[in-house]
Amino acid sequence: MLRASCQFLAALLIATFASGFATGQIVQTDFVADLTEGYIILGGIQGTGSSATATAEFTLTQDLADPSNNTLSYLMTFQNVDLDGAQTADILDNITALHIHDTTQCAPTFSQCQEGIDTAGTIHLLNIFGLPRNDDADVVVDPVASTISGLWDVGDTSAAGTPVPTLDISSPQVISTLLNGEAAIFVHTNEIPTAASGGALLTVPEPTGLGMLLFGLAGVAGIVRRRR
Ligand SMILES: [Ca+2]
Ligand SMILES: [Ca+2]
C-alpha cells in the first residue's frame, strides 16, 4: 500500500512538473457571471423590474508567448428572454443586443455614464449578439436551449466598435479588465433597452498543480502515520 502510494506520488510529481513545462506559456482562467437585475444601476436606481436573467461561464486562455492566440470562450443560458423573436408573441422580451462592457470606461458621448457602476455609456469590449452587430464569427444562438455561446479570438471584428473602437482579446488592457473583475455582460431587450439584466465576470478559484501535489503529500503522510 505504501509502495503504491509512493508510486502514485512520484507519478503526480512527474505529471505536475511535466504539465508545468508543457503548458508554461498557457494560462487559463475561469469566470462566472450571474446576470441578475440586481447588478444594474442606472441613473442611481438599482434594479430594472425585468424578470430576464441568465447564468454565464467563461474561460480565458492566455498564450503568454504569443497573445494573438488568446481566446475567451463563453456559454450563457437565459431565462425569461426571447433569443430569436419567435419564442413568444410578446416583443418586449426579445433580446436586442448583448455585449461585454468595460465598466471602468465611459464613452465620451454619454454624459450620464458613471464609470464602474453604470452600463449606460460604458464602452463595449465585444458585441456578442444583436445591435450593432455580432463581432464574434463563432457565435451560436440556440433558441431551443436558450443559450448563446462562442469564442472571442483575434480573428473577430474589433475595429470601429461601439460606442468607441474596441480592443481585441490580445490586448493587455482587455486582459487586465477581465482579471480585475471590471468586465460585465449586459442584456438589452425591447422592454428595457438600457439593460434588462447583467453581471460582472468574476474569477473562479481552481485547484492548482501545487494544490494537487500538497493533497497527494498529505494523503501519503496519513498512510505512513497509520502504518506506524
Ligand atoms: Ca418575444
Ligand atoms: Ca471568434
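Remember, it's a predicted structure, so these values are computed and weren't measured experimentally.

1. Section: helix α2 (residues 172-179)
For α2, every residue scored as buried is listed here: V174, T177 and L178. On an axial view of α2, the arc spanned by its buried residues comes to 100°, and they lie on one face. Facing away from the buried side of α2 by over 90 degrees, the exposed positions are P172 and Q173. Contacts from the buried residues of α2 go to β4 (53-63), β6 (95-106), β7 (122-130) and β10 (183-189). G181, located one to two residues past α2, shows a positive phi value of around 70°.

2. Thoughts on the nonpolar core
Counting 34 residues, the largest nonpolar core has A56, F58, I185, V187 and L201 as the members making the most contacts within it. Secondary structure elements with two or more residues in this core: β1 (26-35), β4, β5 (71-79), β6, β7, β9 (147-152), α2 and β10. Ranked by the residues each element gives to this core, the list is headed by β10, at five residues.

3. Considerations on unusual backbone geometry
In this structure, the amide linkage connecting L131 to the following residue, P132, adopts the cis form with an omega of -5°. Residue N80 is not a glycine yet carries a positive backbone phi of 65°. Among the secondary structure elements, N80 is positioned in the loop between β5 and β6. A tally of 15 C-beta atoms within 10 Å means that N80 is categorised as partly exposed. Despite not being glycine, S146 has its phi angle at roughly 60°, a positive value. Inspection of the secondary structure puts S146 in the loop between β8 (140-142) and β9.

About the cut-offs
Residues numbered from 1 in each chain as written. Chains lettered and ligands numbered in written order. Predicted model: local features only at pLDDT ≥ 70, side-chain atom pairs only at ≥ 80, totals over all residues. Buried ≥ 20, exposed ≤ 12 C-beta atoms within 10 Å, placed from the backbone. Helix = DSSP H or I, 4+ residues; strand = E, 2+ residues; numbered from the N terminus. Arc of directions from axis to C-beta. Contact = placed C-beta atoms within 7 Å. Core = buried A, V, L, I, M, F, W, Y, C linked by C-beta atoms within 7 Å.

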